[in-house]
Amino acid sequence: MAVALAVHGLVLLAVSRSTPAPPDAPLQTFDVFLYAPEPTPPPPPPAEPAIEAGGGAPASPSVIHQPPEPPPEVEREIVAPPEPAPEPTPEVGIAPLPTPTPGQGLGGQGTGTGTGTGEGTGPGSGSTPARLITGPSLNQIRSHHPPNARSRYGRVELSCIIRLDERLEACRVVSESPGGLGFGQAGLVVAQYFRFRPPSEGGRPQPGRRIVVGIDFGRPR
């Protein structure tokens, strides 16, 4: 502040000497304002180091896990392989397999012959007559009863040929009783329901043979 006052005084002195003031001129007045410089704020104090704060509970000590000890080895039982059953010894006098023709073997040798005739449904060397397989039902006979003789009993005998397919054909009326009421014609219609196995000779069917069949309409009194 003293330096500023000295400088100001010197300036005034130099001005007053260089320019003489007129005698009647009024003196100029200068207002000098002196300001004190604002004090420089002190530097801020150094920041204190932050305190490290830990969170939570302290860490637990490390635990080392060791694998469990393996169980002691157990000796495995060795199973013996199954023994195959011994093959059966063939008995003396019995052949291992049947044979269609006689021959020598464990069963020996033998021959035989035989003859015979008879009736049967299978093939054979004998002769068989015709055989009824099925006939007309009672309802089928009633449905063809002559309309003019509903309350009458009648009987018809037919002579027919057996075909290879077991049906009858070429039938003709041998007899009818009573006559003239239509029983003969009714019997020819009912003959379609018969099935016969044809006779055979030497095991072979013989179609074309004639047979006689009887049909009863109603019951005799």
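Look above for the structure.
Being a predicted model, the structure only gives us computed values, none of them experimental.

Chemist: Requested: an account of the state of the cysteines, with residues and values cited.
Modeler: Taken as a whole and assessed by the stated rule, the structure comprises one disulfide. With a sulfur-sulfur separation of 2.0 Å, Cys160 is cross-linked through a disulfide to Cys171. Its S-S torsion of about 125° marks the bond between Cys160 and Cys171 as right-handed, since a negative value means left-handed. Linking Cys160 in strand S2 (residues 154–162) with Cys171 in strand S3 (residues 168–177), this pair joins segments that are eleven residues apart in sequence.

Chemist: So what about the sheet that holds S3? Which residues, and what values?
Modeler: Sheet architecture is open: three strands sit in the order S3-S2-S7, paired in antiparallel fashion. The sheet is open, and its two borders are formed by S3 and strand S7 (210–217), each paired with just one other strand. Strand-to-strand twist in this sheet, taken as the mean axis angle between neighbours without regard to direction, amounts to 25°. The sheet contacts of helix H3 (residues 183–190) involve S2, S3 and S7, and relative to S3 the element is tilted by about 150°.

Chemist: I'd love a proper account of unusual backbone geometry, names of residues and values included.
Modeler: Cis geometry marks the peptide bond from Ser177 to Pro178; its omega dihedral reads -10°. Turning to its location among the elements, Pro178 is positioned in the loop between S3 and H3. Backbone geometry places Glu166, a non-glycine residue, at a positive phi of 75°. One can find Glu166 in the loop between S2 and S3. Backbone geometry places Ala170, a non-glycine residue, at a positive phi of 50°.

Chemist: Give a detailed account of H3, specifying residues and quantitative values.
Modeler: For H3, the complete set of buried residues consists of Phe183, Gly184, Ala186, Gly187 and Val190. Viewed end-on, H3 has its buried residues packed into an arc of 160°, placing them on one side of the element.

Chemist: Run through the side chain of Ser200, naming residues and quoting values.
Modeler: Positionally, Ser200 belongs in strand S5 (residues 200–201). Taking the relative accessible area as the measure of exposure, Ser200 reaches 13% and is therefore buried. Among the polar contacts listed, one links the side chain of Ser200 to the side chain of Thr128, at a separation of 2.3 Å. Aside from chain neighbours lying at most four places away, what touches Ser200 is Gly126, Ser127, Thr128, Pro205 and Gln206.

Chemist: Before we move on, could you go through the packing of aromatic side chains and cite the residues and values that matter?
Modeler: This structure, assessed with the given rule, holds two aromatic pairs. For the ring pair Phe183 and Phe217, a centre distance of 5.6 Å and an interplane angle of 50° mean the geometry is tilted. Linking Phe183 in helix H3 with Phe217 in strand S7, this pair joins segments that are 34 residues apart in sequence. Each member of the pair Phe183 and Phe217 is classed as buried.

Chemist: Mind laying out the pattern of salt bridges, listing which residues take part and the relevant values?
Modeler: Using the criterion set out here, one finds five salt bridges in the structure. For Asp165, the salt bridge identified is with Arg163, shortest N-O distance 2.6 Å. Linking Arg163 and Glu169 is a salt bridge whose minimum nitrogen-to-oxygen distance equals 3.9 Å. Residue class for Arg163 comes out partly exposed when judged on its relative accessible area of 29%. Classification of Glu169 as partly exposed rests on a relative accessible area of 35%. Linked by salt bridges that have partners in common, Arg155, Glu157 and Asp216 make up one network.

Parameters at a glance
- Residues numbered from 1 in each chain as written.
- Predicted model: local features only at pLDDT ≥ 70, side-chain atom pairs only at ≥ 80, totals over all residues.
- Heavy atoms only, no water.
- Disulfide = S-S within 2.5 Å.
- Helix = DSSP H or I, 4+ residues; strand = E, 2+ residues; numbered from the N terminus.
- Pairing = 2+ DSSP bridges.
- Axes fitted to C-alpha atoms, helices over the stretch in contact; angles between N-to-C directions.
- Contact = heavy atoms within 4.5 Å.
- Buried < 20%, exposed > 50% of the residue type's maximum accessible area, 1.4 Å probe, protein only.
- Arc of directions from axis to C-beta.
- Polar contact = N/O pair within 3.5 Å; in protein donor to acceptor, adjacent residues only side chain to side chain.
- Phe/Tyr/Trp six-rings, centres within 6.5 Å; stacked < 30°, edge-to-face > 60°.
- Salt bridge = Lys/Arg side-chain N within 4 Å of Asp/Glu carboxyl O.

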